[in-house]
Amino acid sequence: MALKKEMQTGNRLRINEMIAENKNKKSMANIMEKIIPAILFILASITILTTLGILYTLLTEAIEFFKRVPIWEFFTTTELKPLSQNPKFGVLPLINGTIISTIIAMLIAGPIGLMSAIYLSEYASDKVRRVLKPLLEVLAGIPTIVYGFFAFTFVTPLIRSVWPEVEATNILSPGIVMGVMIIPMIASLSEDAMNSVPNAMREGSLAMGATKLETTFKVVIPAAFSGIIASFVLGISRAIGETMIVTIASGSSKNFTFDITQSMQTMTAYIVEVSGGEAAAGSTIYYSLYAVALTLFVFTLLMNLLARYVSRKFREEY
Amino acid sequence: MLSKLDQQQYTKRMNNRIRKNSVLQSVFFLSALFGLFVLAILIIRVVTQGFGWIDMDFLTGRLSTDPERAGIMGAILGTLWVMIVVIPVTMIVGVGTAIYLELYAKKGKFQASIQTNISNLAGVPSIVYGLLGLTVFVRLMDLGNVVLAGGLTLSLLVLPILIVAAQEAIRAVPSHLAEASYGMGATKWQTIQRVILPAALPSILTGSILSLSRAIGETAPLTVLGIPALLIPFPNGFFDTFTALPMQIYYWTLDSSLVAEYANLAAATIIVLLVLLFVLNSVAIFIRNKFQHRY
């Protein structure tokens, strides 16, 4: 009897100890429970800080620039001579170069990307798709500097061999290569959009006797239209922000021209040239960097917002 | 009843429609192949031009203006040092942000605004990140154009990619796992730490490697930071100046109009960079296939 009682008290003691220990552990866990969300919140706010940092640096330095060069002169004149005795800062040649290279790129990437998407989504068998899609993604994973090298050392000489008037640095070749680079992006986003069209709609069309082609153009593409347009807009945004291909292959001529055989500078290429060059901090040419970057930022931001707006607003719900 | 004439017309039209379909099917197929065709030309071109230049001296040598003696050890080390900065920074910040957004943040305006902000950041051109890095890391924090400044700039650049990948990975963990853990009396952080994160880890690693390979191929932000391609000593730490493989490719490509052999050196460096990217991506695919749980 006595022995049993002793064992019970012994057990109880041990249990008490265990409870105390557990409470201790719990309080540690409780502390972690309070600290961790705070730490995670700080980490999450880094992305906000990045945005604020971008806006702050671009705006403050650009405002400094616009104190020296009137904003209307910057956006309306076509002369850009940052290094001359009497420097001129008109951004239009850069905007022109950016738009022209983007148009060339989209003339390649738009149709070919969309047709690739049609093939992958509507025609390809599962087997073929499983091979083709990852291979196209490889194309998207190649660093842009490699495309720049390719444009400069291969595509430009190739174009010049059939069209000798094209200069050694020109906007045509990087535009084309940029288009190739954007193909996988448009193909995969458009394919996603077309894939999300319910099969019942296709089957309905096919059952009425339409061919696959008619089904694609009269049923699938209209239904996926918002997604396809969004993919195009994102492609445009990508082309506007692309830097290395145009920097290497299009040279640094700041002429305001529409001749695609000539060298033209884009906004991105100007930033590379000036920041890599001898622009001393505090000089007008240094501040012009930020004014151009701000313009570029606004361009791409508008495109991205537009893409999101299009895909939300015009989405067909099934 | 169709008359014979009608039937003939009908067959003709039908055949036309079918022919159109099959013709355009081949056109679509060819467009899908077009990208691959260019990819093949690009790779063949780079390999034929550069492969002969790759040897031990090239891989381990120092930079030189003499094409025969030039090596890219400095650029390789620079890229490796940048990776050492990018991996922990993006992993900690990216996964932390993803956990916060998926598991802690209340669904509401604030969470939605962070989410919108992240997708906007993903669309900001890389060169703008270069200017941010130049202003904040190089000038404001006075780091100069060192490994740390380059690594942090590239980290910010690829962060949105990793956050989105990590969010998807966390979302893919089925809720019954977490519920079982709560049911056993585990706290929220214990559940995250011991149940959700281990289950999401393979996908997170895959996303992390993919964002890393994006970071080491980037050139534009580095050009803005003013990363040199001079005969500088090898980087030995976070505060050393450095050059990286894409920068080396950039300078050699630009100067190939002066010295023709530089184009071959650029091609050889591209091969090294592409092999590095290929290895990284293979590891990512291996992890995805080998460790990813299917629930």
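Treat the numbers as computed from the prediction; the structure is a model and nothing was measured.

### Some remarks on the overall build of chain B
When its secondary structure is counted, chain B shows 11 helices and 0 strands. Listed by position from the N terminus, the elements making up chain B come as α-α-α-α-α-α-α-α-α-α-α. In terms of overall size, chain B is more extended than a compact globule, its C-alpha atoms giving a radius of gyration of 26 Å where 295 residues would be expected to give roughly 19 Å. Evaluated residue by residue, chain B yields a buried proportion of 50% over its 295 residues. In chain B, once contacts between residues fewer than 6 apart in sequence are set aside, the share between residues at least 24 apart is 75%. Side chains of chain B carry 20 positive and 13 negative charges; the gap between the two charge centres is 21 Å.

### Regarding the layout of surface pockets
Taken as a whole, the second largest pocket spans an internal volume of roughly 380 Å³. Lining the second largest pocket are 21 residues; nearest its centre among them are Thr247, Val272 and Glu273 of chain A together with Tyr250 and Leu254 of chain B. Mapped onto the lining of the second largest pocket, the elements with two or more residues apiece are α10 (244–249) and α11 (267–276) of chain A together with α10 (245–254) of chain B. Classifying every residue of the lining of the second largest pocket gives 12 nonpolar, 8 polar and 1 charged.

### Comments concerning the UniProt feature "transmembrane region" (unreviewed entry) in chain B
Residue and element names in this part refer to chain B. In this numbering, the UniProt entry assigns the feature "transmembrane region" (unreviewed entry) to residues 21–47, 72–101, 121–140, 146–166, 222–245 and 265–287. Secondary structure across residues 21–47 divides into 100% helix and 0% strand, with the first and last C-alpha atoms of the span separated by 39 Å. Regarding residues 146–166, the helix share stands at 95% and the strand share at 0%, and the terminal C-alpha atoms are separated by 29 Å.

### Notes on the domain arrangement of chain B
All names here are of chain B. Looking at chain B, the domain boundaries give domain 1 (11–53) and domain 2 (58–291). Placing the centre of domain 1 and that of domain 2 at their C-alpha centroids yields a distance of 33 Å. Taking both sides of the interface into account, the surface hidden between domain 1 and domain 2 amounts to around 750 Å²; carbon and sulfur atoms contribute 77%. On the domain 1 side of the interface with domain 2, the three residues burying the most area are Val46, Gln49 and Trp53, jointly 78% of the side's total. On inspection of domain 1 and its partner domain 2, the count reaches 0 salt bridges. Linking domain 1 with domain 2 are 1 residue pair in polar contact (both at pLDDT 80 or more). Taken together, the residues of the side of domain 1 that touches domain 2 break down into 4 nonpolar, 2 polar and no charged.

### Side note on the confidence of the model for chain B
Across chain B, the average pLDDT comes to 88, with 97% of residues at or above 70. At the level of individual helices and strands, chain B shows its lowest average pLDDT in helix α2 (residues 56–60) of chain B, which scores 82, and its highest in helix α6 (residues 147–171) of chain B, which scores 93.

### Some thoughts on the packing of aromatic side chains
Tallied over the full model, the rule gives 18 aromatic pairs over all chains. Taken together, the aromatic side chains of Phe65, Phe66, Phe74, Phe75 and Phe89 of chain A make up a single cluster linked through ring pairs. Of note, Lys188 of chain B hangs over the ring of Tyr104 of chain B, and the distance from its end group to the ring centre comes to 4.5 Å.

### What to know about the interface of chain A and chain B
Taken together, the contact between chain A and chain B spans 73 residues of the former and 75 residues of the latter. Carbon and sulfur atoms make up 78% of the surface buried where chain A meets chain B, a total of about 6300 Å² over both sides. Note that Arg17 of chain B and Glu214 of chain A form a salt bridge whose closest N and O atoms lie 2.7 Å from each other. At the junction of chain A with chain B, the criterion picks out 17 residue pairs in polar contact (both at pLDDT 80 or more). With 19 residues, the single largest contributor to the side of chain A that touches chain B is helix α1 (residues 2–68) of chain A.

So, how was this worked out
Residues numbered from 1 in each chain as written. Chains lettered and ligands numbered in written order. Predicted model: local features only at pLDDT ≥ 70, side-chain atom pairs only at ≥ 80, totals over all residues. Heavy atoms only, no water. Helix = DSSP H or I, 4+ residues; strand = E, 2+ residues; numbered from the N terminus. Rg over C-alpha atoms; globule rule 2.2 N^0.38 Å. Buried < 20%, exposed > 50% of the residue type's maximum accessible area, 1.4 Å probe, protein only. Contact = heavy atoms within 4.5 Å. Lys, Arg positive; Asp, Glu negative; His and termini not counted. Charge placed at Lys NZ, Arg CZ, Asp CG, Glu CD. 1 Å grid on protein atoms, 1.4 Å probe; cavity = no way out; pocket = protein on both sides within 12 Å on 5 of 7 lines; lining within 4 Å. Points joined across faces, edges and corners; volume = space filled by probe spheres on them. Nonpolar A, V, L, I, M, F, W, Y, C, P; charged D, E, K, R; others polar. UniProt positions renumbered as here; feature names shortened; annotations may be inferred. Domains from an automatic or database assignment. Buried area = accessible area lost by both parts, 1.4 Å probe. Salt bridge = Lys/Arg side-chain N within 4 Å of Asp/Glu carboxyl O. Polar contact = N/O pair within 3.5 Å; in protein donor to acceptor, adjacent residues only side chain to side chain. pLDDT = per-residue confidence, 0-100. Phe/Tyr/Trp six-rings, centres within 6.5 Å; stacked < 30°, edge-to-face > 60°. Lys NZ or Arg CZ within 6 Å of the ring centre and 35° of its normal.

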